[in-house]
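Structural features, examined
Below are the chains, spelled out letter by letter.
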Amino acid sequence: MDLSLSEPELDLVAICRDFAQREIAVRAAAAWEEARCPTDLLRQMGELGLLGILVPEEWGGIGMSTVGFVAAMEEIGRADQSVAAAWQAHVTIGSLPLCLFGDDAQRERWLRPLAEGRALGAFGLTEPEAGSDARGIRTTAKRRDGGWLINGRKAFISNAGTDMSFGVTLLARVDPLEEEEPRFASFVVEKDTPGFTMGPKLRGIGWRGLDTRELYFDDVWVPHDHLVGDPGMGLSQFLRTLEVGRISIAALSLSLTQAVLDLAIDYARQRVQFGKPISKFQAVQFKLADIATELEAARWLTYRAAYLRDAGRPFRKEAAMAKLKASRVATWAASEAVQIHGGVGYMLETPVARFYCDSKVLEIGEGTNEIQHLVIARTLGC
Ligand SMILES: Cc1cc2nc3c(=O)[nH]c(=O)nc-3n(C[C@H](O)[C@H](O)[C@H](O)COP(=O)(O)OP(=O)(O)OC[C@H]3O[C@@H](n4cnc5c(N)ncnc54)[C@H](O)[C@@H]3O)c2cc1C
């Protein structure tokens, strides 16, 4: 397996590094306080082609490899996790259901604006009563008047409530609803559709810029052309989309770990106690060496999952392993980095404290780490 980046991937990384340092990192502290989705930055990223990074050129994207996306994420996520979280949710779960399973008319109508950076995509799976247990969703879609009547509620949906949002691709149970084995289908519901409303932006302990809300569907009628793929295939479409989402969360985790490692090294070199920089104490050196080693292990798992997807080979197990390992490393490394900073690392004025707050959700989103264990165990025949 050759993990060296190609010329186009290297060019993309250089563009992302420059943009991330010049436009995103300088605003990270203020953005934390503002706690709103930075759609102006996302629009600029759209102009660079980044909002269509995984979409083929035919549909307005730049058709980058998954490996290239992971490498680009390492740059964006080091600058600000909220921007990176909104970006990755748009690129993977927000756009891929239409990209992978939509017909050409749907791709032209909804995917192209997403890929060209004119709109932000959202993915509606989770509900108040059904998170890990995706088959337990209660939102229903019934055939009515040549279309579908949708009723239900979605929880923790990202990117649906911004001034750039186009609506949501959601999963619902479809007729016949009384069958023992439920059938699921995915639908596009555009914003401003009568009956589609949403709650206020929720306040997380991290990812403060990410716009995450509850969505409500009360007798929302959509025409038949809003159904994505065949009725009955929705759940498998959503689960396949989440496999890519897991590589993306793993990449986000790498970016966070690299960021806190860099911050901890800088701080340890300049902080003097007992007459010398704390980087000269072996206890501190060992923490830094451990973070660097675990980061490299997580990086290999993540790039390998991305490489397998690019090669058209199965990557479900590898994506789950990458997400499990990289998110664990990130939460642990963020805690160790705060420890190295001492009291100042506890204060939200410092970037390391903000990364610490951002880290926890990496173990929860796109399937909790317990669910990653289940996915991996299944591939072991358990
Ligand atoms: C910031 C943020 C953004 C999000 N964005 C989106 C989005 O855009 N779209 C979307 O659809 N969802 C989104 N989610 C929802 C996210 O995917 C869910 O929170 C996650 O899947 C877990 O579901 P839950 O919160 O209902 O927890 P639950 O499923 O209720 O789990 C609670 C606990 O029980 C454990 N558990 C559950 N089942 C098992 C089991 N079988 N074995 C062992 N342990 C188990 C879990 O691991 C967890 O520790 C977002 C969440 C957050 C926090």
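Residues numbered from 1 in each chain as written. Predicted model: local features only at pLDDT ≥ 70, side-chain atom pairs only at ≥ 80, totals over all residues.

**Structural notes on the site of the ligand**
- Inspection of the region around the ligand gives 22 residues, with L125, G131, S132, T368 and E370 positioned closest.
- Sorting the residues of the shell around the ligand by element identifies strand 1 (123-124), strand 3 (147-158) and helix 12 (369-379) as the ones contributing at least two each.
- Here the shell around the ligand gets three residues from one element, more than from any other, and that element is strand 3.
- Broken down by class, the residue content of the shell around the ligand amounts to 10 nonpolar, 10 polar and two charged.
- Composition of the shell around the ligand by domain shows at least three residues from each of domain 2 (123-232) and domain 3 (236-379). (Near = placed C-beta within 6 Å. Helix = DSSP H or I, 4+ residues; strand = E, 2+ residues; numbered from the N terminus. Nonpolar A, V, L, I, M, F, W, Y, C, P; charged D, E, K, R; others polar. Domains from an automatic or database assignment.)

**With respect to the domain arrangement of the protein chain**
- As assigned here, the protein chain comprises domain 1 (7-115), domain 2 (123-232) and domain 3 (236-379).
- Averaged C-alpha coordinates put domain 1 and domain 2 at centres separated by 23 Å.
- Each partner contributes residues to the interface: domain 1 has 27 residues there, and domain 2 has 20 residues.
- When residues in the side of domain 1 that touches domain 2 are grouped by element, the largest group, nine residues, is from helix 5 (residues 81-94).
- Here the residues of the side of domain 1 that touches domain 2 are counted per class, giving 18 nonpolar, seven polar and two charged. (Contact = placed C-beta atoms within 7 Å.)

**Things to note about helix 4 (residues 66-79)**
- Counted at 1.5 Å a residue, the expected span for helix 4 with its 14 residues is 20 Å, and the 20 Å between its end C-alpha atoms agrees.
- Counting buried residues along helix 4, 14 of its 14 residues qualify, which places the element largely inside the surrounding structure. (Expected span 1.5 Å × (residues − 1). Buried ≥ 20, exposed ≤ 12 C-beta atoms within 10 Å, placed from the backbone.)

**Quick notes on the pairing of strand 4 (residues 167-174)**
- Counting buried positions over the eight residues of strand 4 gives eight, a clear majority of the element.
- Every second residue of strand 4 is oriented toward a common face, with G167, T169, L171 and R173 on one face and V168, L170, A172 and V174 on the other, all of them buried.
- Sheet topology note: the strand 2 (residues 140-144)/strand 4 ladder contains two bridges and is parallel. Residue T140 lies in a different strand from strand 4, and its bridge partner there is R173. (Pairing = 2+ DSSP bridges.)

**A few points about unusual backbone geometry**
- Its identity is not glycine, yet N159 carries a phi of approximately 75°, on the positive side.
- Along the chain, N159 falls in the loop between strand 3 and strand 4.
- N159 sits in the buried class, given 28 other C-beta atoms within 10 Å.

**Observations regarding helix 3 (residues 39-47)**
- If you check which residues of helix 3 are buried, you get L41, L42, M45 and G46. Down the axis of helix 3, the sector holding all buried residues measures 150°, keeping them to one side. When the buried face of helix 3 is taken as reference, the exposed residues oriented beyond 90 degrees from it are D40 and E47.
- Along its buried surface, helix 3 packs onto helix 1 (7-24) and helix 5.
- Backbone geometry just downstream of helix 3 places G49 in the positive-phi region, at approximately 90°. (Arc of directions from axis to C-beta.)

**With respect to the environment of L308**
- Summarising the element assignment, L308 is placed in helix 9 (residues 282-310).
- Sequence separation between L308 and A319 is 11 residues; the distance between their C-alpha atoms is 9.4 Å.
- Beyond its immediate stretch of four places on either side in the chain, L308 contacts R313, P314, F315 and E318.

**Quick word on the packing of helix 9 against helix 10 (residues 316-341)**
- Relative to each other, helix 9 and helix 10 sit at 160°, their axes nearing to 9 Å. Relative to helix 10, helix 9 is oriented roughly antiparallel. Relative to helix 10, the crossing made by helix 9 is left-handed. Across from V284, K287, I291, E294, L295, A297, A298, L301, T302, R304, A305 and L308 in helix 9, the residues of helix 10 making contact are E318, A319, M321, A322, K325, A326, V329, A333, E336 and I340.
- Looking at side-chain class alone, the contact of helix 9 with helix 10 contains 15 nonpolar, one polar and six charged residues. (Axes fitted to C-alpha atoms, helices over the stretch in contact; angles between N-to-C directions. Parallel < 35°, antiparallel > 145°, perpendicular 65-115°, else oblique. Left-handed = near helix turned anticlockwise from the far one by under 90°.)

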